[in-house]
Amino acid sequence: LFWELELLPMYMLISIWGSGRKEYSAMKFLLFTIAGSAFMLLAFLVLGLSADSFDIEVLTANPPAETIVPLSLLFWGVMAAFLVKLPVFPVHTWLPDAHTDAPTAVSVLLAGVLLKMGGYGILRIALPVLPGEARDFRYVLAAIAAVSVVYGAVLTLRQTDLKRLVAYSSVSHMGYVLLGVATMGAVGMSGAALQMFTHGTITGLLFIMVGLVYDRTHTREIPEMSGLMHRMPVIGAVMLIAGLASLGLPALSGFVAEVTIFLGAIAEHPAATIAAVFGVVLAAGYILWAVERVFMGPPSDRWAHLDDATGWWERLAMGGMVLSIVAVGIFPRILTDAVESGIAPIAAIVGAA
């Protein structure tokens, strides 16, 4: 019920207050999510009727051994909704459109909250309720994750719209979440949970910066901008910090999550982990390329009228996000203890399957 209920405000936020092809993007988001959740609803009905309970704790304690539908199909029915929401390849195409045409605040909400519903659902529902099937398909999940990381990064390299570039980077970064889940171990799944948090803050900050740049320049086309650091040093510096965090620079929160995932996945999925590490290299390419073209270089007379982030509300939003990114990067225990306490029971269930 609540999985479907969140569609209504998000649809209205994009279709009413968005820009560009806002109705198309909102409807595409709606159709993708409803299609995925239709499979999830059918799987939930079969599971609940077979176990005589829809209670998550009851299903976790006594997962049904057999149903009228093979359990493997039920697993993918549940996963369909969560993979669409993450999203990962090949059900990712709604995300760039939704991000591009949504207002800045809605893009931040999409990146920081909505995408995390997919990862939360996998960890909280799919793995505990169907642990045996999750272990059986862990190599398939790892393969999907590796493709999503590399494919998303390659697509990001081709973007000329600054907001669309950040949107496609989310597809790549959500692949890391799925890779962590595919390890079926405490370390990898803890990394996945950390990646959900760090991606929300880092990509949320990137969308804030893109919004501030667009408010001043009224364009998001990368080839049209150059030398903005001369006019907007604060915005440029914060954009650089967010970009470095996104590509996984040590001492920033993105590094903590990614290295935890890699440490958990390298033994179980070496090929997928190598592909994901290559995705970090591609991330460095598209982030540094975008920052260099937009903010570096000689000043342009076209942008001589621009002003920097002077409002307290702008600096407060930027400062809070930067503080979170740096604090978790330097002292990750702020998060790791809480994450590990939540992941440990799930890892025990999956490990015993």
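Since this is a predicted model, take the numbers as computed values, not measurements.

Peer 1: Explain helix α3 (residues 22–51) residue by residue, including any values.
Peer 2: Between its first and last C-alpha atoms α3 spans 43 Å; for 30 residues at 1.5 Å apiece the expected length is 44 Å, and the two agree. One or two residues past the end of α3 sits Asp 52, with phi positive at roughly 60 degrees.

Peer 1: So, the environment of Pro 90: which residues are in play, and what are the values?
Peer 2: Summarising the element assignment, Pro 90 is placed in the loop between α5 (71–85) and α6 (94–101). Of the residues examined, Pro 90 reaches a relative accessible area of 54% and is grouped as exposed. Taking C-alpha positions, Pro 90 is 9.2 Å from Val 147, a pair spaced 57 residues apart along the chain.

Peer 1: Run through the packing of aromatic side chains, naming residues and quoting values.
Peer 2: Under the defined criterion, the tally for this structure stands at eight aromatic pairs. Arranged with centres 5.4 Å apart and planes meeting at 75 degrees, the rings of Phe 75 and Trp 76 form a pair that is edge-to-face. Looking at Phe 75, the relative accessible area reads 0%, which means it is buried. Taken together, a centroid distance of 5.9 Å and an interplanar angle of 5 degrees make the contact between Phe 75 and Phe 137 stacked. Taken together, the residues Phe 75 in helix α5 and Phe 137 in the loop between α9 (131–136) and α10 (138–157) connect sequence positions 62 residues apart. An aromatic cluster is present here, built from Phe 75, Trp 76 and Phe 137 joined pairwise through their rings. Lying across the ring of Tyr 24, Arg 21 places its NZ or CZ 4.2 Å from the centre. The residue whose ring lies beneath Arg 220 is Tyr 214, and the NZ or CZ to ring-centre distance is 5.2 Å.

Peer 1: A description of the pattern of salt bridges should follow, citing residues and the corresponding values.
Peer 2: Evaluated as defined, the whole model comprises ten salt bridges. Between Arg 220 and Asp 161 there is a salt bridge; the shortest N-O distance is 3.3 Å. Placement of Arg 220 in the loop between α12 (186–217) and α13 (233–246) and of Asp 161 in the loop between α10 and α11 (162–182) is noted, with a sequence separation of 59 residues between them. By the burial criterion, Arg 220 is buried, and Asp 161 matches it. Overlapping salt bridges bring together Arg 21, Lys 28, Asp 97 and Arg 164 as one network.

Peer 1: Describe α5, with residues and values.
Peer 2: The terminal C-alpha atoms of α5, which comprises 15 residues, lie 22 Å apart, in line with the 21 Å expected from a rise of 1.5 Å per residue. α5 sits mainly inside the fold: eleven of its 15 residues count as buried. If you check which residues of α5 are buried, you get Leu 71, Leu 74, Phe 75, Gly 77, Val 78, Met 79, Ala 81, Phe 82, Leu 83, Val 84 and Lys 85.

Peer 1: Tell me about unusual backbone geometry, and please be specific about residues and values.
Peer 2: Here Leu 86 and Pro 87 are connected by a cis peptide whose omega angle stands at -10 degrees. Residue Phe 89 is joined to Pro 90 through a cis peptide bond whose omega torsion reads 5 degrees. Phi angles above zero are rare outside glycine, and Met 184 is one such case at about 55 degrees. Examined against the element boundaries, Met 184 turns out to sit in the loop between α11 and α12. Judged by relative accessible area, Met 184 falls into the buried class, the value being 4%. Of note, the phi angle at Ala 251 is positive, near 80 degrees, even though the residue is not glycine. Within the secondary structure, Ala 251 is located in the loop between α13 and α14 (253–265). By relative accessible area, which is 44% here, Ala 251 ends up partly exposed.

Criteria and thresholds
- Residues numbered from 1 in each chain as written.
- Predicted model: local features only at pLDDT ≥ 70, side-chain atom pairs only at ≥ 80, totals over all residues.
- Heavy atoms only, no water.
- Helix = DSSP H or I, 4+ residues; strand = E, 2+ residues; numbered from the N terminus.
- Expected span 1.5 Å × (residues − 1).
- Buried < 20%, exposed > 50% of the residue type's maximum accessible area, 1.4 Å probe, protein only.
- Phe/Tyr/Trp six-rings, centres within 6.5 Å; stacked < 30°, edge-to-face > 60°.
- Lys NZ or Arg CZ within 6 Å of the ring centre and 35° of its normal.
- Salt bridge = Lys/Arg side-chain N within 4 Å of Asp/Glu carboxyl O.

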